[in-house]
Amino acid sequence: MLTPQHFHERRTGAGLARHHGVLPHMLAIGLALALVGGLSGCSMDPSTWQLPWEQQSVQPSQAVVDAASSGVTQDGTLGALCRDTLSSQQQLVYDQMLAIVQAHQESGVLSTDDSGSISTIYTDVLDDHPEIFWADGTGSYSTVADQTTFKPSYSMTTDQQSQVQAQLDQVAQDFEATVPADADDYQKVKAAYTYVITTADYDTGAAHAHDLLGVLLDRRGVCDSYAKAVQWLLQREGVWCGFVRGTAGGGAHAWNVVLVDGKWCYVDATWGDPSFDNGGDANGPDITYGYLCVSGRTMTQSDHVPDSSYDGVLPDDADTTDAYDWYVLNDALVDSPDSTQAYAVAHSALSQAATSSDTYFSLKFTSEEAYQQAKQELQDGDFQQTAISEYLDGHPDVSTYTYATFDRIRMVWVHVG
């Protein structure tokens, strides 16, 4: 007799180390220092204060500008997601920052006296460029007249940077081995999504939980590490991919926006990893495709809200596509509250499984009503009698089936055997 087994979703804490526009431990000195000079013993006139490194003013090279502008924006021009949220003057500062950290410079001068925007722009630089893993997102700056001297902090020396880069290059080779030689954009995105999820686990306590090295080298991290890993892998494959900060499920979150054959869609590898939802239960799937190349409508329905700074830069929901949604491509999307469609999809999947090594299927529901009904029928055993019985008739050695449900993507996963 079949005994259904159900494991409940177990959520682990989500979180980002840095929220958009926040640069921890940044120290504003210079003009601000003069205002508290009586406390510090400094009475120097900031207008005549000469910084010892002011001669190191940095103007970005064309290569840096090209790097900052890499990618394709909605109007078809070159651009990078976060850089495109900035004014032209802020983009110049962005390019100068990029030149400084790419060269691992101790400091450099920025063409701005707007100290309030420094942290936001620096976060934008690092969000567009996950390959700059040696910058830890902190530092200091001082503003005098119309210039700001910027001193980023680095988590490693240049020698250590080279050693880590060699390790990442090996990871890139391992990943490229999973990508078909003639892969199109969708196949590359699916390969990156699959690689990240199947080689890493969600872990808030990982040493590099919030940066590229967490997921790709330590194989552990949180949402921003997942998103940076996907971004880095796809950028190397020539697929445009942006890093998006916002909220989801009531907490800070990060995911990706990608351009697949000229069409916009979203990727959230964190929410596609069962280790995020259930801790990697042995009875559950190794990967779910509920957030592979989905439309903005799917993201909105699942409570993904980008930061307001992306307004006018991210595509509107109507400008995104669900044509590459895994469940659409595999006829596994249930859009009717009538159970008949769910039964038909499950029956079709199991008929194919009977002639292959696959003994599982998954369904995604567009409506909460249909999803809740399927969950109830799985629990009551009705689903078994209607959708699974024929498969069992041909496999008398099978005595159980295991199923899992994922509320945040309205997905059910069933393994027979």
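Colleague: Explain the overall build of the protein residue by residue, including any values.
Modeller: Tallying secondary structure elements over the protein gives 16 helices and 15 strands in all. Counting across all 417 residues of the protein, residues that qualify as buried make up 51%. The contacts of the protein with a sequence gap of at least 6 include a subset with a gap of at least 24, amounting to 68%. Working note: accessible area of the protein is about 17,800 Å², and carbon and sulfur atoms make up 48% of it.

Colleague: Describe the nonpolar core, with residues and values.
Modeller: Within the largest apolar cluster, 110 residues are counted, with the highest numbers of intra-cluster contacts made by M97, Y193, L216, C293, L363 and F365. For F365, the residues in contact, after removing those within four places along its chain, are V334, A342, A370, Y371, A374, R410 and V412.

Colleague: Residue-level account of the pattern of salt bridges, with values.
Modeller: Using the criterion set out here, one finds nine salt bridges in the structure. R410 serves as the salt-bridge partner of E368, at 3.0 Å between the closest nitrogen and oxygen. Taken together, the residues span a long stretch of sequence, with E368 in helix α15 (residues 368–380) and R410 in the loop between β14 (401–406) and β15 (411–416) at a distance of 42 residues. The partner of D407 in a salt bridge is K375, and the shortest N-O contact between them spans 3.0 Å.

Colleague: Please set out the pairing of strand β5 (residues 147–154) residue by residue, giving values where relevant.
Modeller: Here three bridges tie strand β3 (residues 108–110) to β5, and the two strands are oriented antiparallel to one another. Paired with V109 across the two strands is T149, which belongs to β5. Across seven bridges, strand β4 (residues 135–144) lies against β5 in antiparallel orientation. Paired with G139 across the two strands is P152, which belongs to β5. Where β4 folds back on β5, the antiparallel hairpin that results is connected by two residues, among which A145 adopts a positive phi of roughly 55 degrees.

Colleague: Describe the state of the cysteines, listing the residues and the values that go with them.
Modeller: Under the definition given, this model contains zero disulfides. Summary of cysteine pairing: C241 is not part of a disulfide, and the nearest cysteine sulfur, belonging to C293, is at 9.8 Å.

Colleague: Quick one: what's the story with the sheet that holds strand β9 (residues 251–260), residue by residue and with numbers?
Modeller: With antiparallel pairing, the four strands of this open sheet are ordered in space as β10-β9-β8-β11. Looking at strand neighbours, the two that pair on one side only are β10 (263–267) and β11 (304–306), the edges of this open sheet. This sheet shows a mean twist of 45 degrees between the axes of neighbouring strands, independent of strand direction. Here strand β8 (residues 241–248) runs beside β11; their pairing, made up of three bridges, is antiparallel. Within β11, the position partnered with G246 by the bridge is P306. Here helix α7 (residues 185–199) sits on the sheet and contacts β9 and β10; the angle it forms with β9, its principal contact strand, is near 150 degrees.

Colleague: Describe helix α9 (residues 223–236), with residues and values.
Modeller: Compared with an ideal rise of 1.5 Å per residue, which puts 14 residues at 20 Å, α9 spans 20 Å between its outermost C-alpha atoms and is within 8% of the ideal. For α9, the buried fraction is high: 12 of the 14 residues fall into the buried class. What α9 keeps buried is the set C223, D224, S225, Y226, A227, K228, A229, V230, Q231, W232, L233 and L234. Positive phi shows up at G238, right after α9, with a value of about 80 degrees.

Colleague: Can you tell me about the pairing of β10, naming the residues and giving the values?
Modeller: The side chains of a regular strand alternate, first on one face of the sheet and then on the other. A large share of β10 lies buried, amounting to four of its five residues. Pairing analysis gives five bridges linking β9 to β10, with the strands arranged antiparallel. Paired with V260 across the bridge in β10 is K263. The hairpin formed by β9 and β10 contains two residues between the paired strands, and D261 there has a positive phi angle of roughly 50 degrees.

Definitions and cut-offs
- Residues numbered from 1 in each chain as written.
- Predicted model: local features only at pLDDT ≥ 70, side-chain atom pairs only at ≥ 80, totals over all residues.
- Heavy atoms only, no water.
- Helix = DSSP H or I, 4+ residues; strand = E, 2+ residues; numbered from the N terminus.
- Buried < 20%, exposed > 50% of the residue type's maximum accessible area, 1.4 Å probe, protein only.
- Contact = heavy atoms within 4.5 Å.
- Areas by Shrake-Rupley, 256 points an atom, 1.4 Å probe, with all protein chains shown as cover.
- Core = buried A, V, L, I, M, F, W, Y, C linked by side-chain atoms within 4.5 Å.
- Salt bridge = Lys/Arg side-chain N within 4 Å of Asp/Glu carboxyl O.
- Pairing = 2+ DSSP bridges.
- Disulfide = S-S within 2.5 Å.
- Axes fitted to C-alpha atoms, helices over the stretch in contact; angles between N-to-C directions.
- Expected span 1.5 Å × (residues − 1).

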